[in-house]
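Fold and geometry: a report
Letter by letter, the chains look like this.
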Amino acid sequence: MQDFDLVIRGGTIVTVADTSRADLGVKDGKIAAIGTGLAKGREEIDATGLLVMPGGIDSHVHLAQPAFGGPAMADGFESGTRSAIAGGNTTVLPFALQSRGTSLRKAVEDYHKEADGQSYCDYGFHMILTDPTPAVLGQELPALVAGGYSSLKVFMTYDDLVLNDRELLEVFDAAGECGALVMVHCEGYDAIRFMTEKLEKAGRLAPYFHAVSRPQSVEREAAHRAISHSELTGVPIMIVHVSGGEAMEQIRWARARGLKIMGETCTQYVSLTAEDLKGLNMDETGGKYVCSPPPRDRESWEAIWNGIQTGVFQVFSSDHCPFFFEGELGKKNPKARTSFRWVPNGIPGVEVRMPILWSEGVVKGRITPNEFVALTSTNHARIYGLTNKGSLAPGYDADIVLWDPERRVTISQDLMHHGSDYTPWEGFQVTGWPEATLLRGELVMRGGEILGRKDKGRFLPRALSPMAGRHGGAALD
Ligand code: URP
Ligand code: ZN
Ligand code: ZN
Ligand code: ZN
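Conventions adopted
- Residues numbered from 1 in each chain as written.
- Chains lettered and ligands numbered in written order.
- Predicted model: local features only at pLDDT ≥ 70, side-chain atom pairs only at ≥ 80, totals over all residues.
- Heavy atoms only, no water.
- Axes fitted to C-alpha atoms, helices over the stretch in contact; angles between N-to-C directions.
- Helix = DSSP H or I, 4+ residues; strand = E, 2+ residues; numbered from the N terminus.
- Parallel < 35°, antiparallel > 145°, perpendicular 65-115°, else oblique.
- Left-handed = near helix turned anticlockwise from the far one by under 90°.
- Contact = heavy atoms within 4.5 Å.
- Nonpolar A, V, L, I, M, F, W, Y, C, P; charged D, E, K, R; others polar.
- Donors = N, O, S within 2.8 Å, 3.2 Å for Na, K, Ca; no water.
- Tetrahedral: all angles 85-135°; square planar, octahedral: opposite > 155°, others 65-115°.
- Expected span 1.5 Å × (residues − 1).
- Buried < 20%, exposed > 50% of the residue type's maximum accessible area, 1.4 Å probe, protein only.
- Polar contact = N/O pair within 3.5 Å; in protein donor to acceptor, adjacent residues only side chain to side chain.
- UniProt positions renumbered as here; feature names shortened; annotations may be inferred.
- Pairing = 2+ DSSP bridges.
- Core = buried A, V, L, I, M, F, W, Y, C linked by side-chain atoms within 4.5 Å.
- Phe/Tyr/Trp six-rings, centres within 6.5 Å; stacked < 30°, edge-to-face > 60°.

Now for the packing of helix 4 (residues 165-178) against helix 7 (residues 216-233). Taken N-terminus to C-terminus, the directions of helix 4 and helix 7 make an angle of 45°; their axes are 10 Å apart at the nearest point. Our classification of the angle between helix 4 and helix 7 gives oblique. Here helix 4 runs over helix 7; the crossing is right-handed. Residues Asp 165, Leu 168, Leu 169, Phe 172 and Asp 173 of helix 4 lie in contact with helix 7, whose contacting residues are Arg 225, Ala 226, His 229, Ser 230, Leu 232 and Thr 233. Residue composition of the contact of helix 4 with helix 7, by class: 5 nonpolar, 3 polar and 3 charged.

This brings us to the coordination of the zinc ion (ligand 4). Coordination of the zinc ion (ligand 4) by the protein is provided by His 60 (NE2), His 62 (NE2) and Asp 319 (OD), with metal-donor distances spanning 2.0 Å. Bound by 4 donor atoms, the zinc ion (ligand 4) shows angles of 90 to 125° at the metal and therefore tetrahedral coordination geometry. Read in sequence order, the donor residues coordinating the zinc ion (ligand 4) give the pattern H-x1-H-x256-D. In this model, the zinc ion (ligand 4) sits 3.9 Å from the zinc ion (ligand 3).

To continue, consider helix 4. For helix 4, built from 14 residues, the straight-helix expectation of 20 Å at 1.5 Å per residue is met to within 8% by its first-to-last C-alpha distance of 20 Å. For helix 4, the set of buried residues is Leu 168, Val 171, Phe 172, Ala 174, Ala 175, Gly 176 and Cys 178. Capping of helix 4 at its N-terminal end is provided by Asn 164; its side-chain oxygen lies 3.1 Å from the backbone amide nitrogen of Arg 166. Two residues or fewer past helix 4, Gly 179 is found with a positive phi of approximately 85°.

To continue, consider the UniProt feature "modified residue: N6-carboxylysine" (unreviewed entry) in the protein chain. If you check UniProt for "modified residue: N6-carboxylysine" (unreviewed entry), the listed places come out as Lys 153 in our numbering. Along the chain, the position of Lys 153 falls in strand 13 (residues 151-155).

Here we come to the sheet that holds strand 4 (residues 23-27). Pairing is mixed across the open sheet formed by 4 strands, whose spatial order is 5-4-1-6. Only two strands of the sheet have a single partner each, and these edge strands are strand 5 (30-35) and strand 6 (41-46). Taken over all neighbouring pairs, the strand axes of this sheet differ in orientation by 20° on average, direction set aside. With 5 bridges joining them, strand 4 and strand 5 adopt antiparallel strand pairing. Among the inter-strand pairings, Gly 25 is bridged to a residue of strand 5, identified as Ala 33.

Attention shifts here to the nonpolar core. Grouped together as the largest cluster of nonpolar side chains are 123 residues, with contacts concentrated most on Met 127, Leu 152, Val 154 and Phe 372. Here this core takes 6 residues from helix 4, the largest share from any one element. Residues Leu 6, Val 52, Leu 402 and Leu 438 belong to the second largest nonpolar core, which totals 17 residues.

Moving on, we come to the packing of aromatic side chains. A full pass over the atoms with the stated rule returns 13 aromatic pairs. Summarising the aromatic geometry, the rings of Phe 77 and Phe 125 are spaced 6.1 Å apart at their centres and angled 85° between planes, so their arrangement reads as edge-to-face. Taken together, the residues Phe 77 in helix 1 (residues 77-86) and Phe 125 in the loop between strand 11 (122-123) and strand 12 (126-128) connect sequence positions 48 residues apart. When its relative accessible area of 2% is taken as the criterion, Phe 77 is described as buried. A relative accessible area of 0% places Phe 125 in the buried class. With 5.4 Å between their ring centres and 70° between their planes, Tyr 208 and Phe 209 make a pair best called edge-to-face. Pair check on accessibility: Tyr 208 and Phe 209 agree, each one buried.

Here it is in structure tokens:
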């Protein structure tokens, strides 16, 4: 008879492949057995009426990112990962941002100082490349990728982050050499600047005009350009935070051509619209919804659902990027009130990602529970090289969410564990909520109460993504 540290009994186990009534035994933080009639564990959890699913992996969150002259983020690792486990997550992948003129290695070291000993859940880092010098691409990047930082993000907009086409091509090429997975923020810098200046001249300054300044055509054009660069270099890319049908159709088109293009979408693109940016009356409360790309409209929600259902999107993330609404550091800062241009981009959402996808997706019949697991956990693990995560099978880390599929909750700031002073989903009703979260076999959240500790999360060096590398590219002869 096997002896278990913990047995979760009587629940329904949901993985990408199966749904079955079984017990799950944990030993030394790992899943040791799944079956019926398991021996008694030293501890037991009764999961009757609950679903037992892999803990959420949110592969797109921003924590403790420094402000470029703008306000500081509302979440460091402590509050951000507390919010993550409250929302059923056990791993997050935030970004280590390289500032121009500094080394990539320093960016990674700086983020470790922020994260280590301050994290309620496990974590890894994507790198953000803003200064792709020959030394960065030729020496630092390959060493860091081999050391477990196996993905990076590049931006096609933002003054402090944007890379031009030549730089994008050089980064893709270098990533192809060392096997890094490239994530791309697709919005066209020049088009946004053009629109922003036109809107400001016309006195259209309210947060709502943030959405007007970057319509879907701006995202679609950039997505097409990134796809073309991917084709030329033969290097697969993940197009992140796709907001609507236009960019989505570019991914679909590319995949139909056999190109290795992956897609990510986020909670806000199936649950918020640009109308939210109008606030109460074209006032600053619209700043609570400013993110990039902006949420679009209900037609776009349906396009995104279609993309989810037809496999255009492999991952569903939060793009958690929290700021304070009140106070001089936040969305009410005096500069932000002079123009939408200065409203910090990003919204807090790591805690509501899984409930909103369950409620809008599974409860409304758009996706199956197994697809939910793929979109919130398993695919993130497979794509980003988290080899011990994202599945319920012997040998995997016992990262588990116990899910109450019937619990009805009205989302409100009172319930949130994040650092922000608001949630964009205030009053949003969901069916389905995490009852408990287990990190490597330890209960870290139950019934909304945080039981874990901020020194329990571990840094996860990641394997190379099986999706990365080089697949063809333009011929040189
Ligand atoms: O507005 C957003 N999404 N801010 C976060 C940064 C990014 O582009 O992902
Ligand atoms: Zn460390
Ligand atoms: Zn982005
Ligand atoms: Zn982001």
